[in-house]
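Structural description and commentary
The primary structure of each chain is shown beneath.
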Amino acid sequence: MNAIVFLIQCPDQKGLVAGITSFFAKRDFNILHCQQYTDVQDGQYFMRIKLEDDGQSDRELLEQEFTVFANTLGLTWSVRYSDQPYRVALLVTRASHCPYDLLLRELEGELKCEIPLIIANHNDLAGMAKQFDKPFYHLPITKDTKAQQEAQINALLDEYKIDLIVMARYMQILSEQFVQQHAGSVINIHHGFLPAFQGAKPYHQAYDRGVKIIGATSHYATADLDEGPIIDQGVERVMHDNSPEDLVMIGKDIERLVLARAVKAHIEHRIIISGRRTIVFSEGA
C-alpha cells in the first residue's frame with residue numbers, strides 16, 4: 001500500500017488535531033496512522049500523519065490547498081510520498097562496516113531507498129562498490145582542494161538526484177557552506193556517545209577515562225563538529241580489561257545499528273528537527 005506522510009510542527013494551540021484531521025477527511029483521505037507530541041516546555045506541537053494513497057489524488061492540488069490551510073494555523077510542514085523512495089548517496093573513506101551494512105540492508109529490502117552511488121576520498125572501498133554493483137567515485141581531498149572536491153560532490157548529487165547524504169564513516173569535516181546547503185539532509189555516524197568524546201579517536205578517549213559504557217551517535221551534520229541534532233544512539237557495556245582495540249571492535253557493531261536506525265527513520269519521514277533536538281516518531285507506523 002502506498003502512503004502519503006505529512007510532518008507538521010507549530011506553536012501549540014487548541015483544535016489542532018481536529019482541524020488537521022478534518023482537512024484530510026473532507027478530501028476523502030483514509031488516515032492510516034497519526035502520531036503527535038506536545039513539547040510543554042517550549043509550547044510546540046508536532047504531528048506525523050500517514051494517509052492512504054490510492055493514486056487518485058492530485059498531489060500538486062493537495063499541497064496547494066494544504067499550504068493555504070497551514071498558513072491559517074502557522075504550520076511548518078513537509079510531505080513525502082512512499083512511491084518516491086529516497087535516493088541516498090554514501091560518503092566513505094576506508095572503514096567498510098557502516099557502508100557495507102547499509103548496502104546489504106538496501107539489497108535485502110530492509111531500507112526502502114535507492115543507493116545509486118558511493119563517493120570516497122580514498123580508493124580502498126572500490127571493491128565493495130563493485131560487489132554491490134554501485135558506481136564508485138574516488139575524489140581525493142587535501143586542505144587546498146577541499147572546495148574543488150566538494151564542488152565535485154555537489155555535481156554528482158545533482159546528477160543522481162540525491163535526497164539524502166550519509167557520512168558512513170566519512171572521515172572528513174564538511175565545510176560550513178556544504179552542510180548549510182544540505183541542511184537536514186546529511187546524516188553522520190560518530191563513533192562515540194555524544195556529547196562526550198567528540199573529535200578524533202573517541203574510543204581511545206573512552207579507554208583513557210575508564211568508562212564502563214561506550215556508544216555511538218547518529219546525528220545531522222551541521223557547521224559545528226559533532227554538535228548536530230541527535231537522531232539515534234546506542235551503547236554497550238565494557239570491562240576494565242578491554243583494550244582500545246577491543247572498544248573499537250565492539251563499537252563497530254553499535255555504529256552499524258545506530259546509523260541504520262537513523263537512516264531508516266529519515267527515509268520513512270519520521271523525523272522533525274526542532275532547534276538542536278529531533279522529534280523521532282515511532283517505527284512501524
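Described below are features of the structure shown in this document. Since this is a predicted model, take the numbers as computed values, not measurements.

Conventions we followed
- Residues numbered from 1 in each chain as written.
- Predicted model: local features only at pLDDT ≥ 70, side-chain atom pairs only at ≥ 80, totals over all residues.
- Heavy atoms only, no water.
- Axes fitted to C-alpha atoms, helices over the stretch in contact; angles between N-to-C directions.
- Helix = DSSP H or I, 4+ residues; strand = E, 2+ residues; numbered from the N terminus.
- Parallel < 35°, antiparallel > 145°, perpendicular 65-115°, else oblique.
- Left-handed = near helix turned anticlockwise from the far one by under 90°.
- Contact = heavy atoms within 4.5 Å.
- Core = buried A, V, L, I, M, F, W, Y, C linked by side-chain atoms within 4.5 Å.
- Buried < 20%, exposed > 50% of the residue type's maximum accessible area, 1.4 Å probe, protein only.
- Pairing = 2+ DSSP bridges.
- Nonpolar A, V, L, I, M, F, W, Y, C, P; charged D, E, K, R; others polar.
- Salt bridge = Lys/Arg side-chain N within 4 Å of Asp/Glu carboxyl O.

Here's the deal with the packing of helix α1 (residues 16-26) against helix α2 (residues 59-73)
Running from N to C, α1 and α2 cross one another at 160°; their axes reach a closest spacing of 11 Å. Regarding the angle of α1 to α2, the classification is roughly antiparallel. At the point where α1 passes α2, the crossing takes the right-handed sense. Of the residues in α2, those in contact with Leu 16, Gly 19, Ile 20, Phe 23 and Phe 24 of α1 are Leu 62, Glu 65, Phe 66, Phe 69 and Leu 73.

What to know about the nonpolar core
One finds Val 88, Leu 90, Leu 102, Val 166 and Leu 259 to be the most contacted residues of the largest nonpolar core, which totals 37 residues. At the level of secondary structure, the elements contributing two or more residues to this core comprise β5 (86-92), α3 (97-107), β6 (113-120), α4 (126-131), β8 (164-167), β9 (186-190), β10 (213-220) and α8 (244-267). The leading source of residues in this core is α8, at nine residues. When sequence neighbours within four positions are dropped, the list of residues in contact with Leu 90 reads Pro 99, Leu 102, Leu 103, Ile 115, Leu 117, Ile 118, Ile 119 and Val 166. Residues Leu 16, Ile 20, Leu 62 and Leu 75 belong to the second largest nonpolar core, which totals 20 residues.

A few points about the sheet that holds strand β11 (residues 230-237)
Here seven strands make up an open sheet; going across it, the order is β7-β6-β5-β8-β9-β10-β11 and the pairing mixed. In the strand order of this sheet, the two ends are held by β7 (136-138) and β11, each with one partner. For this sheet, the mean inter-axis angle between neighbouring strands, taken without regard to orientation, is 20°. In this sheet, β11 lies alongside β10 in antiparallel orientation, the contact comprising seven bridges.

A short note on the packing of α3 against α8
For the pair α3 and α8, interaxial distance at closest approach is 9 Å and the crossing angle is 45°. When the axes of α3 and α8 are compared, the pair comes out oblique. When the axes of α3 and α8 are compared, the crossing they make is right-handed. Here α3 contributes His 97, Cys 98, Asp 101, Leu 102 and Arg 105 to the contact with α8, which in turn contributes Lys 252, Glu 255, Arg 256, Leu 257, Leu 259, Ala 260 and Val 263. Class assignment of the residues belonging to the contact of α3 with α8 gives a composition of six nonpolar, one polar and five charged.

Overview of the pattern of salt bridges
Taken as a whole and assessed by the stated rule, the structure comprises 17 salt bridges. Glu 255 serves as the salt-bridge partner of Arg 169, at 2.8 Å between the closest nitrogen and oxygen. Residue Arg 169 is located in the loop between β8 and α6 (176-181), and its partner Glu 255 is located in helix α8; the two are separated by 86 residues in the primary sequence. The pair formed by Arg 169 and Glu 255 is uniform in burial state, with each residue classed as buried. One salt bridge connects Arg 270 with Glu 268, and the closest N-O pair in it is separated by 2.8 Å. In this structure Glu 268 comes out as partly exposed when scored by relative accessible area, which is 25%.

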